[in-house]
There are 2 protein chains.
Amino acid sequence: MAETVRRSTSRYGSRPTMKDVAARAGVGLKTVSRVVNGEAGVTQDTERRVQEAIEALGFRRNDSARVLRKGRTATVGLVLEDLADPFYGPLSRAVEEVARAHGALLINGSSAEDPERERELALALCARRVDGLIVIPAGSDHRYLEPEIRAGVATVFVDRPAGRIEADAVLTDSFGGARQGVAHLIAGGHRRIGFIGDLPRIHTAVERLRGYRAAMEDAELPVADGWVSLGPTDPERVREAAAAMLSGPEPVTALFAGNNRVTVTVVRLLAEWERPVALVGFDDIELADLLGITVVAQDAAALGRTAAERLFRRLEGFDDAPSRTELPTVLHARGSGEVPPAED
Amino acid sequence: MAETVRRSTSRYGSRPTMKDVAARAGVGLKTVSRVVNGEAGVTQDTERRVQEAIEALGFRRNDSARVLRKGRTATVGLVLEDLADPFYGPLSRAVEEVARAHGALLINGSSAEDPERERELALALCARRVDGLIVIPAGSDHRYLEPEIRAGVATVFVDRPAGRIEADAVLTDSFGGARQGVAHLIAGGHRRIGFIGDLPRIHTAVERLRGYRAAMEDAELPVADGWVSLGPTDPERVREAAAAMLSGPEPVTALFAGNNRVTVTVVRLLAEWERPVALVGFDDIELADLLGITVVAQDAAALGRTAAERLFRRLEGFDDAPSRTELPTVLHARGSGEVPPAED
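The paragraphs below set out a description of the structure included in this document. Values in this document were obtained by computation on a predicted structure and should not be read as measured data.

### A word on the sheet that holds strand β9 (residues 278-282) of chain A
Residues and elements named next belong to chain A.
- The strand order β7-β6-β8-β9-β10-β12 describes an open sheet built from six strands, whose pairing is mixed. Single-partner strands in this sheet number two, and they are β7 (228-230) and β12 (330-332). Going from strand to strand, the sheet's axes swing by 15° on average, the running direction of each strand aside.
- By the bridge criterion, three bridges tie β9 to strand β10 (residues 294-297) in an arrangement that is parallel. Opposite V280, over in β10, you have T294 as the bridge partner.

Written out as C-alpha cells, the structure is:
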C-alpha cells in the first residue's frame, strides 16, 4: 500500500535526472554523463559513487534524448496486417529472433487490413526513429514512405509487395502454389472447381486466383462465372459463397480456399454438407493433419526470417537495387483434396 | 531505379529539418513551429506556404523531440510471452483496439518466456517513454519496474500477476477452471486422472494444478506420484509425460492438459493410442469443435480488453489501490472429455 501512495502522489514529473544523480554522488554533471555513457576519464571510486546514486534514485538514461544525439536507435518496426491471424505468429517471431541476434528491439503494430491505418502506423514508427521497417502492406500505394526511405529508413515488404515504389519484397510463390493445388484436384478427376479468396485489392488473393485460372487453362477446363468469389474472409461471406457454388445448376465438386481464414470456414461447412466435396486450402493450419485437410503450405517463419535478414543487410550498407524473393510452397495431401468427384 | 540511386547516396543524414522548411517557405523558424504544432498566430496564406514546403521536402515532425518537450507520447507497450502462441493473438488485438480508441499507438514485443528478456524489453519500452505498460510476465520479480512506476508509467499485468510489487492484474480464474474441468472427468466415472502442465514457475501452471488437486480432493480421490507432470510445453516433453502416465502399473484413464500447447500434443498422441482415453484441455483451440475436443475456455480477447481499459483508466487519473480481476472460464463438452473410463 505504501507503494500505491507513493505512486499516486508522484505520477508524471518525478523521474530522476542526471542532475539529481550528480547532486547525490557529489560530482559534476559531466562525470555522471561519462559514467552513464561508458566513457573514459572517471576513477573507479567516483564511478562506484555515481553507480550507487543511480541505483538509489532509480535513474534511467533517456533513450529519446540519445536518439536525438546519435541518430540511431537499434529498433526496427514491423507493420502487421492482423494480430489475431495465426499465420503472422511464426512470421513475427522469426523477425524478432533475427532482430535480437542483431541487438535490435522489434516494435510491432497492426493495420487491421486498413490502408489508412497502415500509413498512420508506419509513419508513427518512423517518427519514433526506427532504423528499419518491415511492412505487410494493407494498401497499394506506398509513396507516403518515400521521404522516410530517402531519409535512410531501410524498408522491406513481406507477404505482399509495395505499391508504386521500388522496395525489397519477400513473398510466397502464391501463383505457383495455387496452380499446383488446383492441378492436384484436376488430377483427381475434378472438372468443376470453385475458388474462394480474399479481397481483390490484396496481392496474394489476385496471384492465387491467377494460379487457379492457369491450372484450369492448362487442363482446358472452362471457369463458369459463379465459380470464383473474392471478398472479405469473415465466416458469413465465405459460407455464403461456398454454399452458392455447391448448389445451383452446375455445382462444383471441389473447392480451393485462398487462405487459412477461408479454409477454416469451408471445413466447418463441409462437415455439415451431405455430399462429399474435395477441398484444398492455401496455408497450413494447426491440427489440419488430424482433420485430414489437404493444404498448399507456405513457410511463414522463413518469410519473416528472410525479410529481416534482408533488412539488416541493408542497414549494414548493402546497397543493390531492390529485389523480389519468392519462397516455394509445399503440397500436403491429407485426404480432403483426394476426395473423388461426386456422381452427378 | 532513380529511387535506388537517390536512396543509396542519401542514407543517414539528409532528413529535412524545420530550418529547411523555414528557408524554403521564406518564413521564420517560429512560424514553422506554429504550423507544425497547430498553434494560432499564422495567416492562412503563410500556413499554405509552410504546408507546401513541408510537402515538397517531405518534412516530418520528430516525435523523439516532442516526447522530450511534452513528456507524453500517447504510446502504450505490450510485453507478450510468445508471439507465435495463438492464445496471444486475440489478446493483442483487443489491447490494440482499446489503445486505438484512446488515440494511442501500441508497441509490442515478446519475452519468449525468458525473465531476463522480459526485463530488457520492458525497460527498453520505458526508455522510449511509453505512457503505460501491459505485461504478460515471464519472470516472478518485478521490482525492476518500481522506478518506472514511480516515474508515472501506468502498469497492468495480464494473464499472470506481478511478482514482489503491487500492481493491477487481470487474470483468468485458472484455479476454478481447472477444478471444473477435472470434476467433469470425475463425474464421467474417471478415478485415475493425469495432469500435464507448464513450467512450475508460471503462475497459471501452479493455479491449474491447484484446481486439479482440489477437484480430486473434493471427490476423495488419491493422486499418485506419476500422475502430475509440470515442465516445458514442447511436444517431446509432453508426449513423454503423457505416454508414461498412460502406461505403467496404474495407468490413468483420463488426462487434463494445462494449456493449449499441451492439448495439441496430447490430441496427436491419443489419435494413435490403441485404448480410448478421455481428455479435457485448458484453453480453446481453433477447429477443436470439429475434432471433438472438450475444453475449459478462457476469453483471451476479454483479458486484453479488460487490461487495456484498466490501463487507460489509470492514465486518466484513476488512482485506487492496485486490484486483481479474475475472469470466468466456460466448459465446452465436445466428446473427448466424455469418453468413459476404459475397463482395467
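### Section: unusual backbone geometry
- Phi is positive for A:R164, close to 65°, though the residue is something other than glycine.
- Checked against the element boundaries, A:R164 lands in the loop between β4 (154-158) and β5 (168-172).
- One non-glycine residue, B:D159, lies in positive phi territory at about 80°.
- Here B:D159 shows up in the loop between β4 (154-158) and β5 (168-172).

### With respect to the pairing of β4(A)
All names here are of chain A.
- Most of β4 is tucked away: five of the five residues are buried.
- On β4, burial covers both faces: A154, V156 and V158 on one face and T155 and F157 on the other are all buried.
- Here strand β3 (residues 132-135) runs beside β4; their pairing, made up of four bridges, is parallel. The residue of β4 that forms the bridge with V135 is F157.
- In terms of strand pairing, β4 meets β5 through three bridges, oriented parallel. Note on β5: the bridge partner recorded for V156 is D168.

### A closer look at the packing of aromatic side chains
Residue and element names in this part refer to chain A.
- In the structure shown here, the tally under the stated rule is six aromatic pairs over all chains.
- Taking the centre distance of 5.1 Å and the plane angle of 70° together, the rings of F87 and Y88 count as edge-to-face.
- We classify F87 as buried; its relative accessible area is 11%.
- When its relative accessible area of 4% is taken as the criterion, Y88 is described as buried.
- When the ring centre of F175 is taken as reference, the NZ or CZ atom of R210 above it lies at 4.1 Å.

### Section: the packing of helix α2 (residues 18-25) of chain B against helix α3 (residues 29-36) of chain B
Residues and elements named next belong to chain B.
- Two elements in contact, α2 and α3, have axes whose closest approach is 9 Å; the angle formed by their N-to-C orientations is 110°. Classified by the angle between their axes, α2 and α3 sit roughly perpendicular to one another. Of α3, the residues touching α2 (which contributes M18, K19, V21 and A22) are L29, V32, S33 and V36.
- When the residues that make up the contact of α2 with α3 are grouped by side-chain class, the tally is six nonpolar, one polar and one charged.

### Focus: helix α14 (residues 300-315) of chain A
Residues and elements named next belong to chain A.
- Over its 16 residues, α14 extends 23 Å from the first C-alpha to the last, a length consistent with the 22 Å expected when each residue adds 1.5 Å.
- Every buried residue of α14 is accounted for by A300, A302, L303, G304, A307, A308, R310, L311, F312, R314 and L315.
- A positive phi of about 110° marks G317, the residue just after α14.

Procedures and definitions
Residues numbered from 1 in each chain as written. Chains lettered and ligands numbered in written order. Predicted model: local features only at pLDDT ≥ 70, side-chain atom pairs only at ≥ 80, totals over all residues. Heavy atoms only, no water. Pairing = 2+ DSSP bridges. Helix = DSSP H or I, 4+ residues; strand = E, 2+ residues; numbered from the N terminus. Axes fitted to C-alpha atoms, helices over the stretch in contact; angles between N-to-C directions. Buried < 20%, exposed > 50% of the residue type's maximum accessible area, 1.4 Å probe, protein only. Phe/Tyr/Trp six-rings, centres within 6.5 Å; stacked < 30°, edge-to-face > 60°. Lys NZ or Arg CZ within 6 Å of the ring centre and 35° of its normal. Parallel < 35°, antiparallel > 145°, perpendicular 65-115°, else oblique. Contact = heavy atoms within 4.5 Å. Nonpolar A, V, L, I, M, F, W, Y, C, P; charged D, E, K, R; others polar. Expected span 1.5 Å × (residues − 1).

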